[in-house]
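# Observations on chain architecture
Residues per chain are reported as follows:
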Amino acid sequence: MSNPLRILCVCTGNICRSPAIEIMLRDGLEEGFEVFSRGTRALVGNPVDPTMAMLLADDGHDPSSFVAARLNPRLDVTGTDLVLTATRDHRSLVVERAPAAWKKTFTLLEFARLVARNPDHPTGATAPERMRELVSMVGDRRGHGAGEDDDVVDPYRLGPEVFQASHAQIRSGVDAILAALSPTPRQG
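Summarised in this report is the structure supplied together with it.

This part covers unusual backbone geometry. The backbone phi angle of Asn-14 is positive, close to 60°, even though this residue is not glycine. Along the polypeptide, Asn-14 turns up in the loop between strand E1 (5–11) and helix H1 (17–28). Using a relative accessible area of 0% as the deciding quantity, one classes Asn-14 as buried. At Arg-157, a residue that is not glycine, the phi angle is positive and equals roughly 65°. Mapping Arg-157 onto the fold places it in the loop between helix H6 (127–139) and helix H7 (160–180). A relative accessible area of 70% places Arg-157 in the exposed class.

Written as structure tokens, this is what we have:
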């Protein structure tokens, strides 16, 4: 496909949360998507944190080729169709530095919650078409039901139980998004 649907994932260091979102989404999506991640204060050049890498590998994902990169909002957001951030603070930073991105920028958990509650099923013939429809459909619902649960916990330099909680939040959010992209409506 000549113009893939581009999804940018953002966290702080780009070694725990945003690479996990990127890798899980990329592995779960059909052709026609380009998924990448950046960090607001990235540990440039580093691989995925070993604990998160182990959790990803346990799920069947291969994080070995990942390398952390720093967010450049003007460059990275230009041409991006959807921005998924780990937290509301990351979302605010992206929108502050790239105001035109506000309609397409959500926290991962916010977007997952909105698409899961979306009463209309996208009708596009391909997954990228359905994703474009979802971004448009849920943009108007932004702010409804917002709460503390819209942030993915930051596990950096914390124990394995915090990594497991963060990983579980990410997996749940990604699973909800992938389910909403199915070509047939979800059954209630």
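On we go from here.
The subject of this paragraph is the pairing of strand E3 (residues 82–85). Side chains of E3 alternate between two faces, with Leu-82 and Leu-84 and Val-83 and Thr-85 buried alike. Note: E1 against E3, 4 bridges, orientation parallel. Residue pairing for E3: Ile-7 is matched across the bridge by Leu-82. Relative to strand E4 (residues 105–107), E3 runs parallel, the two sharing 3 bridges. Within the sheet, the bridge partner assigned to Val-83 lies in E4 and is Thr-105.

The strands making up a sheet associate through hydrogen bonds between their backbones, and the pairing can be parallel or antiparallel. Taking strand neighbours across the sheet as the criterion, the 4 strands line up as E2-E1-E3-E4 in an open arrangement whose pairing is parallel. What marks the edges here is a single partner per strand, and that holds for strand E2 (33–39) and E4. The mean inter-strand angle of the sheet, taken between neighbouring strand axes irrespective of direction, is 25°. The strands touched by helix H5 (residues 108–117) within the sheet are E3 and E4, with E4 carrying the most contacts at an inclination of about 95°. H6 rests against E1, E2, E3 and E4 of the sheet, and its axis sits at about 55° to E1.

With that settled, the discussion passes to the nonpolar core. By size, the foremost hydrophobic cluster in this structure holds 43 residues, and its most contacted members are Ile-7, Leu-25, Phe-111 and Met-131. For this core, the elements supplying multiple residues, two or more each, are E1, H1, E2, helix H2 (50–58), E3, H5, H6 and H7. Tallying contributions element by element places H5 first for this core, with 6 residues. Leave out the neighbours within four places in its chain, and Leu-25 touches Ile-7, Cys-9, Val-35, Leu-84, Val-174, Ile-177 and Leu-178. Counting residues in hydrophobic clusters, the runner-up holds 9 residues, among them Val-10, Val-94, Ala-98 and Ala-101.

Analysis parameters
Residues numbered from 1 in each chain as written. Predicted model: local features only at pLDDT ≥ 70, side-chain atom pairs only at ≥ 80, totals over all residues. Heavy atoms only, no water. Helix = DSSP H or I, 4+ residues; strand = E, 2+ residues; numbered from the N terminus. Buried < 20%, exposed > 50% of the residue type's maximum accessible area, 1.4 Å probe, protein only. Pairing = 2+ DSSP bridges. Axes fitted to C-alpha atoms, helices over the stretch in contact; angles between N-to-C directions. Contact = heavy atoms within 4.5 Å. Core = buried A, V, L, I, M, F, W, Y, C linked by side-chain atoms within 4.5 Å.

Take it as geometry only, folks, not as evidence of what the structure does.
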